[in-house]
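Structure at a glance
One letter stands for each residue in the lines below.
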Amino acid sequence: MTSTTDPMWHQLIAKIIKTREDDHAFRARVSRGLVESTEHYAYPYVLPYAKDSREHRALLRAAAIAASHTKLRAAEKGESQPIGKTLAQMSFIRASEAGVRINADQPFPDPARPDVFSQRIASISQVPLDDAALAIDRLLTIGETLDRRPTVDYYRLTRTLLHWGNGISSESLTMRRSIQRDFYSGTGRHLTSTGTPES
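Residues numbered from 1 in each chain as written. Predicted model: local features only at pLDDT ≥ 70, side-chain atom pairs only at ≥ 80, totals over all residues. Heavy atoms only, no water.

**Brief notes about the overall build of the protein chain**
Selection rule: By definition, any uninterrupted DSSP run of H or I lasting at least four residues is a helix, any uninterrupted run of E lasting at least two residues is a strand, and each is numbered from the N terminus. Note on definitions: a residue-residue contact is assigned when non-hydrogen atoms from the two residues lie within 4.5 Å. With residues, only the protein chains shown are counted as cover, and all accessible areas are computed by Shrake-Rupley using a 1.4 Å probe.
Broken down by element type, the protein chain carries 9 helices and 0 strands. The order of α-helices and β-strands along the protein chain, N terminus first, is α-α-α-α-α-α-α-α-α. Within the protein chain, counting contacts between residues at least 6 apart in sequence, those at least 24 apart form 72% of the total. Of the roughly 10300 Å² of accessible surface on the protein chain, 50% is carried by carbon and sulfur atoms.

Have a look at this one:
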């Protein structure tokens, strides 16, 4: 999924996806990059792939998320979608596995009955990078408990975190709000019983 014109961090994400299930020491060290207090364990594995120091924090968080969630298969060509859509699918699957009736013509998730996914997504655009990464990580952890799991595009997730910004510029706000827009851009009709978009 990488080419010679891709940014260096693409090589890192590809390496994580390829080795995370077999190289437990590598996965453990990279996973520690999720929080500031332990991120130094991930430095030798992650920082060489950063373009410059401005990418360090976001790349550490994204790499940690990609390394940690081995039960969530990485999206392949043709399966790529924004993280907000993936989280909406997880919310849908979780509701359907719990026997919740979903009206196909109503928005999903239902804003009148927010689930754990909706609650975390509601304010994600207003939080700093570290809090956003933790929220996404926790939601993916819930996603790993599902019987059916959508794929995760770890490249797009990394790009989202790399462009998280300060929450003030229009570019930063657009990137931050994209998770919410993608999460809420659907109805029950747009999701099948497997939690994937209908063709």
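After that view, the rundown keeps rolling.
**Observations regarding the packing of aromatic side chains**
In plain terms, the rule: Note on ring pairs: Phe, Tyr and Trp rings are taken, using the six-membered ring of Trp, and paired if centres are within 6.5 Å. Classes follow the plane angle, with under 30 degrees stacked, over 60 edge-to-face and the rest tilted. The buried label applies to any residue whose accessible area, calculated with a 1.4 Å probe on protein chains only, is under 20% of its type's maximum; exposed applies above 50%, and partly exposed to all values in between. Lysine NZ or arginine CZ positioned within 6 Å of the ring centre and within 35 degrees of the ring normal marks a charge as sitting over the ring.
Under the defined criterion, the tally for this structure stands at 2 aromatic pairs. A centroid spacing of 5.8 Å and a plane angle of 80° characterise the contact between F26 and Y45, whose relative ring orientation is edge-to-face. Of this pair, F26 sits in helix α2 (residues 24-31) while Y45 sits in helix α3 (residues 43-46), and the two are 19 residues apart along the sequence. For F26, a relative accessible area of 5% puts it in the buried group. Residue Y45 is classed as partly exposed on the basis of its relative accessible area of 25%. Between F183 and Y184 the ring centres are 4.9 Å apart and the planes differ by 90°, which places this aromatic pair in the edge-to-face class. Overall, Y184 belongs to the partly exposed group, its relative accessible area being 36%. Here the guanidinium or amino end of R32 rests over the ring plane of Y41, the centre of that ring lying 3.7 Å away.

**Regarding the packing of α2 against helix α4 (residues 56-68)**
Put simply, the rule is: Axis lines are fitted to C-alpha atoms, over the contacting stretch for helices. Their N-to-C directions set the angle, which ranges from 0 to 180 degrees. An angle below 35 degrees is treated as roughly parallel, one above 145 as roughly antiparallel, one from 65 to 115 as roughly perpendicular, and anything else as oblique. We call a crossing left-handed when the near helix sits turned anticlockwise from the far one by less than a right angle, and right-handed when that turn is clockwise. Any residue that is not Ala, Val, Leu, Ile, Met, Phe, Trp, Tyr, Cys, Pro, Asp, Glu, Lys or Arg is counted as polar, Gly included; the first ten are nonpolar and the last four charged.
At their nearest, the axes of α2 and α4 sit 8 Å apart, and the two run at 140° to each other. Considering the angle they form, α2 stands oblique to α4. Crossing geometry of α2 relative to α4 is assigned as left-handed. Of α4, the residues touching α2 (which contributes R27, V30 and S31) are A63, A64, A67 and S68. In the contact of α2 with α4, the residues fall into 4 nonpolar, 2 polar and 1 charged.

**Thoughts on helix α8 (residues 154-162)**
The cut-off we apply is this: Nitrogen and oxygen atoms within 3.5 Å of one another constitute a polar contact, given that in protein one can donate a hydrogen and the other can accept it, and given that sequence-neighbouring residues count only through two side-chain atoms.
Along α8, 7 of the 9 residues are buried, which leaves the element largely enclosed by surrounding structure. Looking at the buried positions of α8, the neighbouring elements they touch are α1 (8-19), α4, α5 (83-97), α7 (129-143) and α9 (170-184). The N-capping residue of α8, defined by a side-chain oxygen 3.1 Å from the backbone nitrogen of Y155, is D153.

**Digging into the environment of A28**
Positionally, A28 belongs in helix α2. Residues A28 and S68 lie 40 residues apart in sequence; the distance between their C-alpha atoms is 7.8 Å.

**Concerning the nonpolar core**
Grouped burial of nonpolar side chains is what soluble globular proteins tend to show. Cut-off, in case you're wondering: What is meant by a nonpolar core is a set of buried Ala, Val, Leu, Ile, Met, Phe, Trp, Tyr and Cys residues, joined one to another through side-chain atoms within 4.5 Å.
Counting residues in each nonpolar core, the largest one holds 50 residues, and the members touching the most others are I16, L87, I136, L140 and L161. Secondary-structure elements contributing two or more residues to this core are α1, α2, α4, α5, α6 (116-122), α7, α8 and α9. Those residues in contact with I136, other than ones at most four positions away along the chain, are I65, I83, I124, L157, L161 and I179.

**Overview of the pattern of salt bridges**
Rules: Salt bridges are defined as contacts in which a side-chain nitrogen from Lys or Arg sits within 4 Å of a carboxyl oxygen from Asp or Glu.
The tally for this structure, following the rule as stated, stands at 8 salt bridges. The partner of R73 in a salt bridge is E79, and the shortest N-O contact between them spans 2.9 Å. A residue is classified by how much of its surface remains accessible, and E79, at 29% relative accessible area, is partly exposed.

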